[in-house]
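If you want the building blocks of each chain, they are given just below.
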Amino acid sequence: MNRREMREQIFKMLFRVEFHDESEIPEQFELSMVESVNASKEKQKYIEDKCEDIVAKLAEIDGIINQAAQGWKTTRMAKVDLTLIRLATYEIKFEEDIPTGVAINEAVELAKKYGSDDSAAFINGVLAKIV
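Residues numbered from 1 in each chain as written. Predicted model: local features only at pLDDT ≥ 70, side-chain atom pairs only at ≥ 80, totals over all residues. Heavy atoms only, no water.

**A look at the overall build of the chain**
- From N to C terminus, the chain includes seven helices and zero strands.
- In the chain, the order of α-helices and β-strands from amino to carboxyl end is α-α-α-α-α-α-α.
- Against the compact-globule benchmark of 14 Å for 131 residues, the chain has a radius of gyration of 14 Å, which places it among compact chains.
- Its C-alpha atoms give the chain principal-axis dimensions of about 40 × 30 × 30 Å.
- Relative to all contacts within the chain whose residues are 6 or more apart in sequence, the contacts with residues 24 or more apart total 68%.
- Counting only carbon and sulfur atoms, one obtains 49% of the accessible surface of the chain, whose full area is about 7,200 Å².
- If the 18 positive side-chain charges of the chain are averaged to one point and the 25 negative ones to another, these points end up 4 Å apart. (Helix = DSSP H or I, 4+ residues; strand = E, 2+ residues; numbered from the N terminus. Rg over C-alpha atoms; globule rule 2.2 N^0.38 Å. Contact = heavy atoms within 4.5 Å. Areas by Shrake-Rupley, 256 points an atom, 1.4 Å probe, with all protein chains shown as cover. Lys, Arg positive; Asp, Glu negative; His and termini not counted. Charge placed at Lys NZ, Arg CZ, Asp CG, Glu CD.)

If you want it as structure tokens, here you go:
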């Protein structure tokens, strides 16, 4: 499993957060890990740890997003778009080993796969304001 596939797994796990109570998140993470059977134990741990760290920082990440996204609040954004923006914002602000351009490009590519026709442009625009 390469970094792109791991990022996609992280996206899928984070997406589940939007639809479940906080008490259900560990179970949802475990169910999501079933999809990453091809990943080594080390990579599975990386995915889970990163998701937990992002969830722990959601209030801070959402604050950054709300400040940058003029006219849009996280409560109004499409869930796929919001999840991808959160993931990229985390990578930009808290991951020193991931270049900003890579974080933005990966979010845009995942938006093309999972989002609406306008998702890629919207995500790119919000992330450009965050940087």
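**Some remarks on the nonpolar core**
- If you look at the biggest cluster of nonpolar residues, it comprises 37 residues, and the most contacted ones within it are Ile54, Ile65, Ile85, Leu127 and Ile130.
- Of all the elements in the fold, those that place two or more residues in this core are α1 (3–17), α3 (41–56), α4 (58–68), α5 (79–94), α6 (100–114) and α7 (119–130).
- Among the elements that make up this core, the one with the highest residue count is α5 (eight residues). (Core = buried A, V, L, I, M, F, W, Y, C linked by side-chain atoms within 4.5 Å. Buried < 20%, exposed > 50% of the residue type's maximum accessible area, 1.4 Å probe, protein only.)

**Structural notes on the pattern of salt bridges**
- Throughout the structure, instances matching the rule amount to ten salt bridges.
- Residue Arg3 is joined to Asp97 by a salt bridge in which the shortest nitrogen-to-oxygen separation is 3.9 Å. Note that Arg3 is positioned in helix α1 and Asp97 in the loop between α5 and α6, a separation of 94 residues in sequence.
- What makes Arg3 partly exposed here is its relative accessible area of 40%.
- According to the relative accessible area criterion, Asp97 is exposed, its value standing at 52%.
- Put simply, Glu8 and Lys113 hold a salt bridge, and the shortest N to O gap is 2.8 Å. Of the two residues, Glu8 sits in helix α1 while Lys113 sits in helix α6, which places them 105 residues apart along the sequence.
- Assessed through its relative accessible area of 13%, Glu8 is described here as buried.
- By relative accessible area, Lys113 is classed as exposed at 54%. (Salt bridge = Lys/Arg side-chain N within 4 Å of Asp/Glu carboxyl O.)

**Considerations on empty space enclosed by the protein**
- Applying the stated criterion across every chain, the model contains one cavity of 30 Å³ or more.
- Looking at the largest cavity, its volume works out to about 50 Å³.
- Lining the largest cavity, in full, are Arg3, Met6, Arg7, Ile10, Tyr46, Lys50, Glu91 and Ile98.
- Secondary structure elements with two or more residues in the lining of the largest cavity: α1 and α3.
- Considering every element that reaches the lining of the largest cavity, the biggest residue donor is α1, with four residues.
- Grouping the constituent residues of the lining of the largest cavity by class yields four nonpolar, no polar and four charged. (1 Å grid on protein atoms, 1.4 Å probe; cavity = no way out; pocket = protein on both sides within 12 Å on 5 of 7 lines; lining within 4 Å. Points joined across faces, edges and corners; volume = space filled by probe spheres on them. Nonpolar A, V, L, I, M, F, W, Y, C, P; charged D, E, K, R; others polar.)

**Thoughts on α1**
- Between the first and last C-alpha of α1 there are 21 Å, a value that for 15 residues agrees with the 21 Å anticipated at 1.5 Å per step.
- The backbone nitrogen of Arg4 lies 3.1 Å from a side-chain oxygen of the residue at the head of α1, namely Asn2. (Expected span 1.5 Å × (residues − 1). Polar contact = N/O pair within 3.5 Å; in protein donor to acceptor, adjacent residues only side chain to side chain.)

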